[in-house]
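Structural overview for review
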Amino acid sequence: MKKVGIIMGSDSDLPVIKKATDMLSSLDIPYEVHIYSAHRTPVEARDFAANARHNGFGVLIAAAGMAAHLAGAIAANTTLPVIGIPCKSSVLDGLDALLSTVMMPTGIPVATVAIGGGANAALLAAQILAVEDSDLAARLDAKRAADAAAVLEKDAKVMENL
Ligand code: RP5
């Protein structure tokens, strides 16, 4: 199976990344995590993106806060699908990172999830890999069914304490 590559701009983004790695682990998807910054280590970020397809990756996830150019910089150097996670790292509560990540120019797309949306980034990566992997698609179907069952269980109990 192709790997998911996860890049974060700083180790301060780790709590968001943990949500993604937990989800990928639960779906039995291999991943690799790196700290590369679009601003502080631009050469390493570029090299990782440029070599990612050759190195066995199928999807990349890039998480950054503040002036969050990481996902865009990664996307500029690969035609693998890139998922951006804006992180809440500043006084602007992640709105800065959301706009910096989502407002990409035509030609270089980044699929941007919610601020701090590590779990959904992993699920979107899984869904992309599942296009060519029926076993993974079945695991995603099973997760959807389990999530729905959990909601219906809460529905059955919601009136008990009201
Ligand atoms: C961004 O700046 C990082 O992705 C992080 O979210 C934010 C703050 O980084 P640190 O100053 O905590 O290293 O590049």
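Just above sits the structure.
In this report, we go over the structure that sits alongside the text. Just so you know, these numbers come straight off a predicted model, no measurement behind them. (Residues numbered from 1 in each chain as written. Predicted model: local features only at pLDDT ≥ 70, side-chain atom pairs only at ≥ 80, totals over all residues. Heavy atoms only, no water.)

**Concerning the overall build of the protein chain**
What the protein chain contains, in helices and strands, is six helices and five strands. When its helices and strands are written in sequence order, the protein chain yields β-α-β-α-β-α-β-α-β-α-α. For a compact globule of 162 residues, the expected C-alpha radius of gyration is about 15 Å, and the protein chain comes in at 17 Å, within 12% of that figure. C-alpha extents for the protein chain along the principal axes are approximately 55 × 40 × 30 Å. Out of the 162 residues belonging to the protein chain, those deemed buried represent 41%. Restricting the contact set of the protein chain to residue pairs at least 6 apart, pairs at least 24 apart contribute 67%. (Helix = DSSP H or I, 4+ residues; strand = E, 2+ residues; numbered from the N terminus. Rg over C-alpha atoms; globule rule 2.2 N^0.38 Å. Buried < 20%, exposed > 50% of the residue type's maximum accessible area, 1.4 Å probe, protein only. Contact = heavy atoms within 4.5 Å.)

**Quick look at the packing of helix H1 (residues 14-26) against helix H5 (residues 118-130)**
Running from N to C, H1 and H5 cross one another at 40°; their axes reach a closest spacing of 7 Å. Viewed along their axes, H1 and H5 adopt a mutual orientation that is oblique. For the element pair H1 and H5, the recorded crossing hand is right-handed. When H1 is examined against H5, the residues Val16, Lys19, Ala20, Met23 and Leu24 are found in contact with a partner set consisting of Gly118, Ala119, Ala122 and Leu123. Taken together, the residues that form the contact of H1 with H5 break down as seven nonpolar, one polar and one charged. (Axes fitted to C-alpha atoms, helices over the stretch in contact; angles between N-to-C directions. Parallel < 35°, antiparallel > 145°, perpendicular 65-115°, else oblique. Left-handed = near helix turned anticlockwise from the far one by under 90°. Nonpolar A, V, L, I, M, F, W, Y, C, P; charged D, E, K, R; others polar.)

**A closer look at the nonpolar core**
By size, the foremost hydrophobic cluster in this structure holds 26 residues, and its most contacted members are Val4, Leu27, Ile29 and Ile61. Looking at this core, the elements with two or more residues in it are strand S1 (3-8), H1, strand S3 (57-65), strand S4 (82-87), H5 and helix H6 (134-157). Per-element tally for this core: the top contributor is H5, with seven residues. Contact partners of Val4, with chain neighbours within four places excluded, come to Leu24, Ile29, Pro30, Tyr31, Glu32, Phe57, Val59, Ile61, Ala125 and Leu129. Core analysis: the second largest hydrophobic core is formed by 20 residues, Ala38, Ala62, Ala64 and Leu80 among them. (Core = buried A, V, L, I, M, F, W, Y, C linked by side-chain atoms within 4.5 Å.)

**Some points on the packing of H5 against H6**
Between H5 and H6, the shortest axis-to-axis distance is 8 Å and the interhelical angle comes to 140°. Considering their axes alone, H5 and H6 lie oblique with respect to each other. Where H5 crosses over H6, the two elements pack in a sense that is left-handed. Facing H5, whose interface residues are Leu123, Ala126, Gln127, Leu129 and Ala130, H6 presents Leu136, Ala137, Leu140, Lys143 and Arg144.

**Things to note about the layout of surface pockets**
By volume, the largest pocket is sized at about 290 Å³. Taken together, 16 residues line the largest pocket, and the ones lying closest to its centre are Gly9, Ser37, His39, Arg40 and Gly65. Classifying every residue of the lining of the largest pocket gives six nonpolar, eight polar and two charged. (1 Å grid on protein atoms, 1.4 Å probe; cavity = no way out; pocket = protein on both sides within 12 Å on 5 of 7 lines; lining within 4 Å. Points joined across faces, edges and corners; volume = space filled by probe spheres on them.)

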